[in-house]
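Examining the three-dimensional arrangement
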Amino acid sequence: RLKLPPGEINLSDYLTFFPSVPDAVGSVAGIVLRIQVAEPNLPGNARTVITLVSESGSRGAADWQPMVLDFDISADVEMLPNEDGIWLILERMRNRKNELFEACLTDPMKELIQ
C-alpha cells in the first residue's frame, strides 16, 4: 500500500505505472488497472500480473490517499516439493518482483516511503 498525498494529484509525479486518461474524461475518482506481462527470463512460461488500485480514503489518514500496487508472478514449473531448484526459482521471482516495484516508482514516491 502506497500513501499518496491528499487531493487531486498527477499520478505521473509518483508512479511510472498508471492509466493514461484523456482530458475530456475529467477528474478520475478511482482506479483499477491490471496488466499481464510475459517474463521470458524466468522459467515455465512465467508471467507477471501488475495491479494498481485506489482505495477509499476512509481506510487511510486524512493526510494521504491509499493506493495498492501489487505484483503476482507465476510460472508453470513441475517440481517435487523437496527439490532444491524451487528455492532458486522463487528467489528469482522475488528479485524480479522487487525490480518491477522499483521501476514503477518515481524518485519523489521513493522518498515518501523511506
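The following paragraphs examine the structure supplied in this document. (Residues numbered from 1 in each chain as written. Predicted model: local features only at pLDDT ≥ 70, side-chain atom pairs only at ≥ 80, totals over all residues. Heavy atoms only, no water.)

Moving on, we get to the environment of Arg 92. Turning to its location among the elements, Arg 92 is positioned in helix α1 (residues 85–104). For the pair Arg 92 and Leu 42, spaced 50 residues apart in the sequence, the C-alpha separation amounts to 7.4 Å. Contact partners of Arg 92, with chain neighbours within four places excluded, come to Asn 41, Leu 42 and Pro 43. (Helix = DSSP H or I, 4+ residues; strand = E, 2+ residues; numbered from the N terminus. Contact = heavy atoms within 4.5 Å.)

On to the packing of aromatic side chains, then. By the definition in use, this model includes 1 aromatic pair. Taken together, a centroid distance of 6.3 Å and an interplanar angle of 85° make the contact between Phe 71 and Phe 101 edge-to-face. Remark: Phe 101 occurs in helix α1 and Phe 71 occurs in strand β4 (residues 65–74); sequence separation between them is 30 residues. For Phe 101, a relative accessible area of 25% translates into the label partly exposed. Above the ring of Trp 64, the side-chain terminus of Lys 3 is found at 4.9 Å from the ring centroid. (Phe/Tyr/Trp six-rings, centres within 6.5 Å; stacked < 30°, edge-to-face > 60°. Buried < 20%, exposed > 50% of the residue type's maximum accessible area, 1.4 Å probe, protein only. Lys NZ or Arg CZ within 6 Å of the ring centre and 35° of its normal.)

Another aspect to go through is the environment of Trp 64. Its location among the elements puts Trp 64 in the loop between β3 (47–54) and β4. Accessibility expressed as a relative area gives 14% for Trp 64, which makes it buried. In this structure, the C-alpha to C-alpha distance between Trp 64 and Ile 35, residues 29 residues apart in sequence, is 26 Å. Residues in contact with Trp 64, not counting those within four places in the same chain, are Arg 1, Leu 2, Lys 3, Leu 4, Pro 5 and Pro 6.

This part covers the pattern of salt bridges. Any two side chains of opposite charge can pair, so long as their charged atoms come close to each other. By the definition in use, this model includes 5 salt bridges. The partner of Arg 96 in a salt bridge is Glu 99, and the shortest N-O contact between them spans 2.6 Å. Taken together, the residues Arg 96 and Glu 99, both in helix α1 and 3 residues apart, mark about one turn of the helix. The exposure class of Arg 96 is partly exposed, given its relative accessible area of 22%. The partner of Glu 102 in a salt bridge is Lys 110, and the shortest N-O contact between them spans 3.3 Å. Residue Glu 102 is classed as partly exposed on the basis of its relative accessible area of 43%. Through salt bridges with shared partners, a single ionic network connects Glu 39, Arg 96 and Glu 99. (Salt bridge = Lys/Arg side-chain N within 4 Å of Asp/Glu carboxyl O.)

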